[in-house]
Amino acid sequence: MNRLLLSGAALAAVIAAAPAGAQTVLTASTWLQPSHAMSLAQKEWCDLLEKNTSGKMKCNILPRAVANPPGTYDAVKNGLADISFTVHGYTPGRFVLTQMAEFPFLGDSAEPLSVAFDKVARRHPEFMKEHQGVHVIALFTHGPGMLMNTKKPVVKLEDLQGLKWRVGGGIVNDLTRALNMNATLKPATDNYELLSSGVMDGTLLPAESSESFKIDKLIKYVTTFPGGLYNTSFVMMMNQGKYDKLSAEEKKAVDAISGEVAARILGRHWDKADRRAFGLMQANNVQITKADAKFVDDVKARTQPLEQKWAQDAQAKGLKDAAKVLAEFRSEIAKVSK
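Given the structure is predicted, the values throughout are model-derived calculations rather than measurements. (Residues numbered from 1 in each chain as written. Predicted model: local features only at pLDDT ≥ 70, side-chain atom pairs only at ≥ 80, totals over all residues. Heavy atoms only, no water.)

Focus on helix α13 (residues 322-337)
So, step 1. Given a rise of 1.5 Å per residue, 16 residues ought to cover 22 Å, and the 23 Å separating the end C-alpha atoms of α13 matches this to within 8%.
So, step 2. Among the residues of α13, those classed as buried are Ala 322, Val 325, Leu 326, Phe 329, Glu 332, Ile 333 and Val 336. Buried residues in α13, looked at end-on, bunch into an arc of 115 degrees, giving them a common side. Those residues of α13 that are exposed and angled more than 90 degrees off the buried face are Lys 324 and Lys 335. (Helix = DSSP H or I, 4+ residues; strand = E, 2+ residues; numbered from the N terminus. Expected span 1.5 Å × (residues − 1). Buried < 20%, exposed > 50% of the residue type's maximum accessible area, 1.4 Å probe, protein only. Arc of directions from axis to C-beta.)

Topic: the sheet that holds strand β9 (residues 221-224)
So, step 1. As summarised here, the arrangement of the six strands in space is β7-β6-β8-β5-β9-β11, forming an open sheet in which the pairing is mixed. Since the sheet does not close on itself, it has two edges, and those belong to β7 (182-185) and β11 (287-290), each with one partner. Neighbour-to-neighbour, the strand axes of this sheet turn through a mean angle of 25 degrees, independent of strand direction.
So, step 2. Two strands pair when backbone bridges link them, and strand β6 (residues 164-167) and β7 are joined in this way by four bridges, in the parallel orientation. Among the inter-strand pairings, Lys 164 is bridged to a residue of β7, identified as Asn 182. (Pairing = 2+ DSSP bridges. Axes fitted to C-alpha atoms, helices over the stretch in contact; angles between N-to-C directions.)

Side note on helix α12 (residues 293-316)
So, step 1. Here α12 is 24 residues long and its end C-alpha atoms lie 35 Å apart, about the 34 Å a rise of 1.5 Å per residue gives.
So, step 2. Of all the bends in α12, the largest measures some 35 degrees and sits at Arg 302, one to four residues before the proline Pro 305.
So, step 3. Every buried residue of α12 is listed here: Phe 295, Val 296, Val 299, Thr 303, Leu 306, Glu 307, Trp 310, Ala 311 and Ala 314.
So, step 4. Residues of α12 that are buried in the fold lie against α6 (171-178), β9 and α13.
So, step 5. Directly beyond the C-terminal end of α12, a positive phi value near 110 degrees is found at Gly 318. (Bend = angle between axes of the 7 residues up to and from the residue. Contact = heavy atoms within 4.5 Å.)

Here you go:
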């Protein structure tokens, strides 16, 4: 009897010590260093969730990634983490519709591009259908992609030849083929090793990445393009099962900071990091060349067929009037950029 009373007293003590409101903790994973723009953006989103719910919901940001970059989508899908982000192009052939955001010359800033991308995609359910097993928090892009290399200035199409380039997947793979570049698909996290060892001569990245992947002292030459040579399409996501188990109030809290709110946070962090990286490039005496009109026209002529091919592939995957959706995306970018 005394033992039962003691057990009851111990249980009462545990209940008394428990917080008044139960807390929902979401595990969040990043395959980038904590100081990277995307890790900071994910943390800002998590902090906003905690603030908006008065601490009832929060993220536990894991000390190590639960998977490498190409494996992150399936890691979230399979519940190894509740929240993370990844590059669509890291799993070739899986995503077609999201390549819409990767074409050349779409925009000079990640924030309006990301907001427009997420907005247009949510108007067309086929985009979300590509993301089986996860709940999309936001679709977004990095800032304008450019050419970086260790060997020589690239000022015309012919200069692309004879160099070995690292690319990150998606439309940029097709783009490099259209430009007759010798390109290899590797995650951005491999940049330092590939360039420092001479296995690759150059890489296609936004400005930010020169600092975050510590290649700012390896890169000697950069070529920029108005509107970017390309963009990379990303998704920030939550495990679908985890989202489904949230209460109606918790879902509302997540939804309130998904879509445009999350896309702005993510894009803003990219843009801030890009500005900082350009300053570092100048400090390191990197030779920065703006592509002239002839170079831009030559790239346009070579890459224009990629849009037609994408429209055909997207329609085959169920997106009606894909060319019209791409035009809608361009129009939305212009609206958001004003």
